[in-house]
Amino acid sequence: MNADLTVVQHPLVGSLLARLRNADTSIAAFRRHLHEISKLMAFEVTRSLSTRAIEVQTPLAVARGIELERPVVLVPILRAGLGMLDGILDIVPDAIIGHIGMARDEDTRRPESYYCNLPSGIGDAEVLLIDPMLATGHSAAAAADQLKSEGARRVRFMNLVACPEGIAHFADEHPDVPIYTAAIDKGLDDQAFIVPGLGDAGDRYFGTT
């Protein structure tokens, strides 16, 4: 495995992740913690965004500053990725939003695409692909395929919990897409869920368990 991988190690991120993992965390608290950890993760994921120099007029004089060189497009993988969206928007409020819908066939455990709505001009943007879990890696890799087929050239994949199997598969399919995560767990169970993981993030966020 030769992945472009960043594990975000920060006390606040670690503390929030522990709360998300806790099976006793209520729906309301899970939503709040997912919002908060996504905001903190976004600082690291956006650290290397390209900028350009500008000048602004303060009340006293001209000051030098910077602005983002390219627009930012956030693409959550439906439905669990939606839970991370608002936290990231707190950091990048001008971001454009696209959506990719992926559902796992429980027999084959492979993703099936059921929805894709991406903004025009995505090839000129910085794209953040968002999903809480990187399990088998098939859904994330298929979503990245769709982004690239629409012209995306600068893609980052942001998740919270990954495992070696998912990292390896995604990196094999998309070695040019950096992966950002908060934790690497030991692996998958026989149902292809991450262990210890945090359960089904979408079910826990939307209250469908």
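What you are looking at is a predicted structure, and each value in this text was computed from that prediction instead of being measured.

J.: Which parts of the structure should I look at to understand the sheet that holds strand E13 (residues 183–184)?
T.: Sheet strands line up and pair through hydrogen bonds in the backbone, either parallel or antiparallel. The parallel open sheet is built from 3 strands, whose spatial order is E9-E11-E13. Sheet topology places strand E9 (133–134) and E13 at the edges, where each strand pairs with a single neighbour. Two elements, E9 and strand E11 (residues 161–162), share 2 bridges in a ladder whose sense is parallel. When the sheet's bridge partners are listed, Leu 134 is paired in E11 with Ala 162.

J.: What is the right way to look at the side chain of His 33 in this model?
T.: With respect to the helices and strands, His 33 occurs in helix H2 (residues 27–45). Relative accessible area serves as the criterion here: at 7%, His 33 is assigned to the buried category.

J.: Could you clarify how one ought to interpret the layout of surface pockets in this entry?
T.: Leftover empty space is mapped by rolling, across the atoms, a probe with the size of a water molecule. Taken as a whole, the largest pocket spans an internal volume of roughly 680 Å³. Arg 104, Asp 131, Ser 139, Phe 193 and Asp 200 are, among the 32 residues lining the largest pocket, the residues nearest its centre. Mapped by element, the contributors of at least two residues to the lining of the largest pocket are strand E4 (72–78), strand E6 (99–104), strand E7 (111–117), E9, helix H4 (138–149) and helix H6 (201–206).

J.: Would you mind showing me how to read the environment of Leu 188 here?
T.: One can find Leu 188 in strand E14 (residues 187–188). Between the C-alpha atoms of Leu 188 and Leu 40, which are 148 residues apart in sequence, the distance is 26 Å. Excluding its chain neighbours within four sequence positions, the residues that come into contact with Leu 188 are Ala 135, Thr 136, Cys 163, Glu 165, Phe 193 and Ile 194.

J.: Could you clarify how one ought to interpret helix H3 (residues 82–91) in this entry?
T.: For an α-helix the count is 3.6 residues per turn, leaving residues at separations of three or four pointing the same way. Among all positions of H3, only Gly 83, Met 84, Leu 85, Gly 87, Ile 88 and Leu 89 are buried. Buried residues along H3 sit in contact with H2, E4, strand E5 (96–97), strand E8 (126–130), strand E10 (155–158) and H6.

J.: Sorry, what's going on with the side chain of Asp 131 here?
T.: Structurally, Asp 131 can be placed in the loop between E8 and E9. Here Asp 131 occupies a buried position and makes no salt bridge, while the nearest side chain of opposite charge, Arg 79, is found at 9.5 Å. Once residues lying within four places of it in the same chain are set aside, the contact partners of Asp 131 are Ile 77, Ala 80, Gly 81, Met 84, Phe 157, Met 158, Asn 159 and Leu 160.

The rules behind each value
- Residues numbered from 1 in each chain as written.
- Predicted model: local features only at pLDDT ≥ 70, side-chain atom pairs only at ≥ 80, totals over all residues.
- Heavy atoms only, no water.
- Pairing = 2+ DSSP bridges.
- Helix = DSSP H or I, 4+ residues; strand = E, 2+ residues; numbered from the N terminus.
- Buried < 20%, exposed > 50% of the residue type's maximum accessible area, 1.4 Å probe, protein only.
- 1 Å grid on protein atoms, 1.4 Å probe; cavity = no way out; pocket = protein on both sides within 12 Å on 5 of 7 lines; lining within 4 Å.
- Points joined across faces, edges and corners; volume = space filled by probe spheres on them.
- Contact = heavy atoms within 4.5 Å.
- Lys, Arg positive; Asp, Glu negative; His and termini not counted.
- Salt bridge = Lys/Arg side-chain N within 4 Å of Asp/Glu carboxyl O.

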